[in-house]
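Notes for the structure review
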Amino acid sequence: MPIEHTPNYSVSRRRFLDLLLGGTGLAALIGLFYPIFRYLTPPEQEEAVVSSVNLGPAKDFPLNSGKIFRFGNKPGIIIRGSDGKFRAYNATCTHLDCIVQYDAKVEGVWCACHNGRYDINGRNISGPPPRPLTPYAVKIQPGAEEILIASQDGAQG
Amino acid sequence: MNNKMWNWFNERYKIDSLREFAQKKSVPLHSATIWYYFGGITLFLFGVQVLTGIFLLLYYRPGVDTAFESVKFIITKVKFGWLIRSVHSWSANLMVASAIIHMFSVFFHRSYRKPRELSWVTGVIMLCLLLTFGFSGYLLPWNELAFFATKVGTDSARAVPFIGDMALRLMRGGADVTGATLARFFGLHISILPIVFAVVLGVHLFFVQLQGMSKPLGHSRDDGKKRSMPFVPDFFLRDLIVWMVVFNIVLMLAVFFPWELGVKADPFSPAPAGIKPEWYFLFVFQSLKFLPAHIGPFEGEMVGIMALGLVGLAIILLPWLDRAASRERRSRWLDAIGVFVLLYFAVFTILGYVLD
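In this text the structure is predicted, and so the values were computed from the model without any measurement.

Residues and elements named next belong to chain A. For the coordinates displayed, the defined rule picks out one disulfide over all chains. The disulfide bridge from Cys 98 ends at Cys 113, spanning 2.0 Å between sulfur atoms. On the sign convention where negative means left-handed, the S-S torsion of about -85 degrees between Cys 98 and Cys 113 marks this disulfide as left-handed. Here Cys 98, found in the loop between β4 (86–90) and β5 (101–103), pairs with Cys 113, found in the loop between β6 (108–111) and β7 (116–119); they are 15 residues apart in sequence, far enough to count as distant. Overall, Cys 98 belongs to the buried group, its relative accessible area being 1%. For Cys 93, which is in no disulfide, the shortest distance to another cysteine sulfur is to Cys 111 and amounts to 3.8 Å. Here Cys 93 falls in the buried class, since its relative accessible area comes to 4%. In this structure Cys 111 comes out as buried when scored by relative accessible area, which is 2%.

Turning our eyes to something else, we now look at the confidence of the model for chain A. In this model, chain A carries an average pLDDT of 84, and 89% of its residues clear a pLDDT of 70 or more. At the level of individual helices and strands, chain A shows its lowest average pLDDT in strand β10 (residues 146–151) of chain A, which scores 76, and its highest in β5(A), which scores 92.

Residues and elements named next belong to chain A. With five of five residues buried, β4 lies mostly within the body of the structure. The side-chain alternation of β4 yields two buried faces, one formed by Phe 86, Ala 88 and Asn 90 and the other by Arg 87 and Tyr 89. Remark: five residues form the turn of the hairpin made by strand β3 (residues 74–80) and β4, two consecutive strands paired antiparallel; Gly 84 in that turn has positive phi of roughly 85 degrees. As judged from the two bridges shared by β4 and strand β9 (residues 135–140), these two strands associate in the antiparallel manner. Within β9, the position partnered with Tyr 89 by the bridge is Pro 135.

This part takes up the sheet that holds β9(A). Strand pairing in a sheet is mediated by backbone hydrogen bonds. Such pairs are either parallel or antiparallel. Residue and element names in this part refer to chain A. What the six strands build is an open sheet, ordered β1-β10-β9-β4-β3-β2; its pairing is antiparallel. Edge positions in the open sheet fall to β1 (52–57) and β2 (65–71), since each of these has one partner strand only. Here the average twist between neighbouring strands, direction ignored, is 25 degrees. Alignment of β1 against β10, held across five bridges, turns out to be antiparallel. Note on β10: the bridge partner recorded for Val 53 is Ile 149.

Turning to the side chain of A:Thr92, a few remarks are in order. All names here are of chain A. Inspection of the secondary structure assignment puts Thr 92 in the loop between β4 and β5. Overall, the relative accessible area of 19% leaves Thr 92 in the buried class. Contact partners of Thr 92, with chain neighbours within four places excluded, come to Pro 75, Asp 97, Cys 98 and Leu 133.

Taken together, the contacts link 30 residues of chain A with 31 residues of chain B. When chain A packs against chain B, the two sides together hide about 2400 Å² of surface, and 60% of this comes from carbon and sulfur. Run the count over chain A and chain B and you get three salt bridges. Across the pair B:Asp176 and A:Lys74 runs a salt bridge, and its minimum N-O distance is 3.7 Å. Run the count over chain A and chain B and you get five residue pairs in polar contact (both at pLDDT 80 or more). Looking at which element gives the most residues to the side of chain A that touches chain B, the answer is β2(A), with three residues. Tallied by class, the residues present in the side of chain A that touches chain B amount to 17 nonpolar, eight polar and five charged.

Conventions used here
- Throughout this description, residue numbers start from 1 for each chain and increase along the sequence as written.
- As they are written, the chains are lettered A onward and the ligands numbered 1 onward, keeping that order.
- Selection of residues for local features in this predicted model requires a pLDDT of at least 70, selection of side-chain atom pairs for listing and counting requires 80 or more, and totals for whole chains, interfaces and linings are taken over all residues.
- With hydrogens and water stripped out, all remaining heavy atoms of the structure feed into the side-chain values.
- A pair of cysteine sulfur atoms is labelled a disulfide when the two atoms are within 2.5 Å.
- Each helix corresponds to a stretch of at least 4 residues labelled H or I by DSSP, and each strand to a stretch of at least 2 residues labelled E; elements are numbered beginning at the N terminus.
- Each residue is assigned to one of three classes by its accessible area relative to the maximum for its type, calculated with a 1.4 Å probe on protein chains only: buried under 20%, partly exposed between the two thresholds, exposed over 50%.
- Scored from 0 to 100, pLDDT records how confident the predictor is in each individual residue.
- Paired strands, as defined in this entry, are two strands with at least two bridges between them according to DSSP.
- Lines fitted to C-alpha atoms define the axes here, with helix axes fitted over just the stretch in contact, and angles between the N-to-C directions of these axes take values from 0 to 180 degrees.
- Contact criterion: two residues are considered in contact whenever any of their non-hydrogen atoms come within 4.5 Å of each other.
- Summed over both partners, the accessible area lost on bringing two parts together, with a 1.4 Å probe, is the buried area.
- Salt bridges are defined as contacts in which a side-chain nitrogen from Lys or Arg sits within 4 Å of a carboxyl oxygen from Asp or Glu.
- Definition of a polar contact: a pair of N or O atoms within 3.5 Å, with one able to donate and the other able to accept a hydrogen when the atoms are protein atoms, and with sequence-neighbouring residues admitted only if both atoms are side-chain atoms.
- Polarity classes work like this: nonpolar for Ala, Val, Leu, Ile, Met, Phe, Trp, Tyr, Cys and Pro, charged for Asp, Glu, Lys and Arg, and polar for all others, with Gly in that last group.

Put into structure tokens, the structure is as follows:
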């Protein structure tokens, strides 16, 4: 019995091979570039979780002054207002990642990069910063009179 | 080359065709011929950059604890190290300047019009590469100004929707600007960018040789008189003289205004007052300062960065957007836009210097 040829394939042999070749090529390219892309993306680093930091005796901080301190691998700023009250924030400007400083003249926080200003309570009041500074909780250790900084989720308000 | 040597090579490699080509190449003469020099100046300064860059590599050591110290070593201990480093910095700045001048001259003469669209595109790509060169090289001495400029520059990538955060991590090699960032910028600056730049430059120059030099719009119609100058040797010798003048300017700037090193970067100190990026980013910096925190529902930052991206896209697509030029007509609108862009760039750069 003769085999009937059916030339009416919906996909021609050439097209099929083209698809196969193209598909393989594409897969090979993805296989090549995916590891490269992943290699270039830095891995998440394990960070030592810091929930509080001791800044030493409260009397070392003059009135109306500010100071940068390390909070884990983030910079923090502690401010002692003229009222004697301590306030602490993450010192990273919410605009473009610069590090802010205390401006004693206006008793506020200033970022030198783009002239952004926050008031002493960390509220963005002028210039480009879109959000207030992230506050840290400040606790004065009873007895020793030392300053303890804790992140806000450390349940200190 | 003496005759015998020439013949030896010519028998094997047919270098006569090169000579023929060089003899045929000519430069159109007209009132704007002087602008042709700026492409050549940029090319020359690229050579200076490659050479001084290789010299600096002999002593420079990337790394948070070594980068600043090694640059200090270069400029204080190594004989003429201060000169090499200053020439590298000054020549880099002049190179960006001359590339920008080259681009504006091509723009106002509409030299990007058919058939030179791709010369324009490769040129714009090279300008982007140059700016990346500048941005990455700026960080390498690991000083305070560069540290914060890099923080700001990379952080603004976050404003790009969807891919912003990923781009930020890719550029910084992590969440913050650290030694990982320095390592990345170093690799980019001394290996990836030079290779890519050399390839695009090769294509750009190949196009120019293939199509010859463009005549500005309006000069293109043949008035019967042939006004041109052979490239070899007439124009090339003029090129050499201009290069010599430029080189002397670079040397004088390097000697009398040596590039400062500044203070070593400290990731735990406030950004210093008066922080500024390199002058060619100053107009962006100044514009960002003027943007309010929020524009409608968006952060001001995002609007600014997106606008900048659109302008960049329009610049690349210019040969196709400017339909008038391909019909040898000059669009007054486009002239006005060009002047506006030039003025914006100038005014905001000056403001960046003058304001606080």
